[in-house]
Amino acid sequence: MLLAIDVGNTNAVFALFNERTIKARWRISTDARRTADEYAVWLNQLLALEGFIRQDISQVIISTVVPRALHNLQVLSRKYFSVEPLIAGVEPADWQMQIDVDEPKSLGADRAVNSIAAHALHPGDIIIIDFGTATTYDVVDYTGAYKGGIIAPGINLSLDALVQAAAKLPRIAIETPRNNRSVIGRNTEDQMQIGVFWGYVAMMEGLVARMRAEIGRPAKVIATGGLAVLFDEHTTIFDAVEPDLTLQGLAMIAERAF
């Protein structure tokens, strides 16, 4: 079985694959100081709860946007699974796609993996929206070439900055405003909910409209990340929601590397 590890700025996700099927997944906060031994204790217990053992894992692939976290994950793979891990973006697990931007090496591993998976699952021109610490928009053309994108503050990051900078504003949850037919709030909390939620929807719809116009051909919008399902209920711009897009991309890369 394949253990795919996707390390983001906020969380790391571990997923166990049997071919292209996810059999289990676990999430832990990203901490570059966490040792291989700490990972192993945590993961060994979770494997057992799902009915698996360490010896079931024969392949490991790691994708990370936190370089300091990589070493301990490599040690984890070698020491506890007796496997030399694949590193997404490094031979033999390199991208194998054209990266048509000014600085190809600056493309984040998560965005490259998403692009590979989205192109495989949805042929044609595509726009990928990934809701993470930042909200990223990536354009992949019908040939599978990465053409560029947008980086915007993530919705939680925006809300945290607002609360920290304004002393009297309360901390609120990211959710649909209570009266979703009105954008005129009657109290501070409702006004914040409207500003954050509908403001973000308006930003997405506006940016996607501009991107589609610039592409000049029909482009599907693929959404991924934790808040994709929530926003999908309140906008029509998504053609598909793929919650496991990054993990699926890692499985595809690992498959072709062997």
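As recorded in an unreviewed UniProt entry, the protein chain goes by Type III pantothenate kinase and comes from Blastomonas fulva. Annotation of the protein chain in UniProt includes, under Subunit (unreviewed entry), the sentence "Homodimer." UniProt lists a comment for the protein chain under the heading Subcellular location (unreviewed entry), and it reads "Cytoplasm".

Q: Explain the packing of helix 4 (residues 155-165) against helix 5 (residues 188-215) here, please?
A: Between two packed helices, both the angle of their axes relative to each other and the distance between the axes serve to describe the pair. Look at helix 4 against helix 5: their axes get within 11 Å of each other, and the N-to-C directions meet at 150°. Compared by their axis directions, helix 4 and helix 5 come out roughly antiparallel. Taken as a pair, helix 4 and helix 5 cross one another with a handedness that is right-handed. Residues Ile155, Leu159, Leu162 and Val163 of helix 4 lie in contact with helix 5, whose contacting residues are Met192, Val196 and Tyr200. Of the residues in the contact of helix 4 with helix 5, the class split is seven nonpolar, no polar and no charged.

Q: Sorry, what's going on with the pairing of strand 6 (residues 125-131) here?
A: Each regular strand shows side chains that alternate between the opposite faces of the sheet. Across the seven residues of strand 6, seven count as buried, placing the element largely inside the fold. Burial along strand 6 is two-sided: Asp125, Ile127, Ile129 and Phe131 and Ile126, Ile128 and Asp130, pointing in opposite directions, are all buried. Across seven bridges, the pairing between strand 6 and strand 9 (residues 219-225) is parallel. Note that in strand 9 the partner of Asp130 across the bridge is Thr224. Note: strand 6 against strand 7 (residues 134-140), six bridges, orientation antiparallel. What sits directly across from Ile129, in strand 7, is Tyr137. Between strand 6 and strand 7, which pair antiparallel in sequence order, lie two residues.

Q: Mind showing me how you'd approach the UniProt feature "binding site: K(+)" (unreviewed entry) in the protein chain here?
A: The residues that UniProt annotates with the feature "binding site: K(+)" (unreviewed entry) are Asp130. Structurally, the position occupied by Asp130 is in strand 6. Of the residues examined, Asp130 reaches a relative accessible area of 12% and is grouped as buried. Discounting residues that sit within four places of it in the chain, Asp130 has contacts with Asn114, Thr135, Thr136, Thr224 and Gly225.

Here is what the cut-offs are and how they apply
- Residues numbered from 1 in each chain as written.
- Predicted model: local features only at pLDDT ≥ 70, side-chain atom pairs only at ≥ 80, totals over all residues.
- Heavy atoms only, no water.
- UniProt positions renumbered as here; feature names shortened; annotations may be inferred.
- Axes fitted to C-alpha atoms, helices over the stretch in contact; angles between N-to-C directions.
- Helix = DSSP H or I, 4+ residues; strand = E, 2+ residues; numbered from the N terminus.
- Parallel < 35°, antiparallel > 145°, perpendicular 65-115°, else oblique.
- Left-handed = near helix turned anticlockwise from the far one by under 90°.
- Contact = heavy atoms within 4.5 Å.
- Nonpolar A, V, L, I, M, F, W, Y, C, P; charged D, E, K, R; others polar.
- Buried < 20%, exposed > 50% of the residue type's maximum accessible area, 1.4 Å probe, protein only.
- Pairing = 2+ DSSP bridges.

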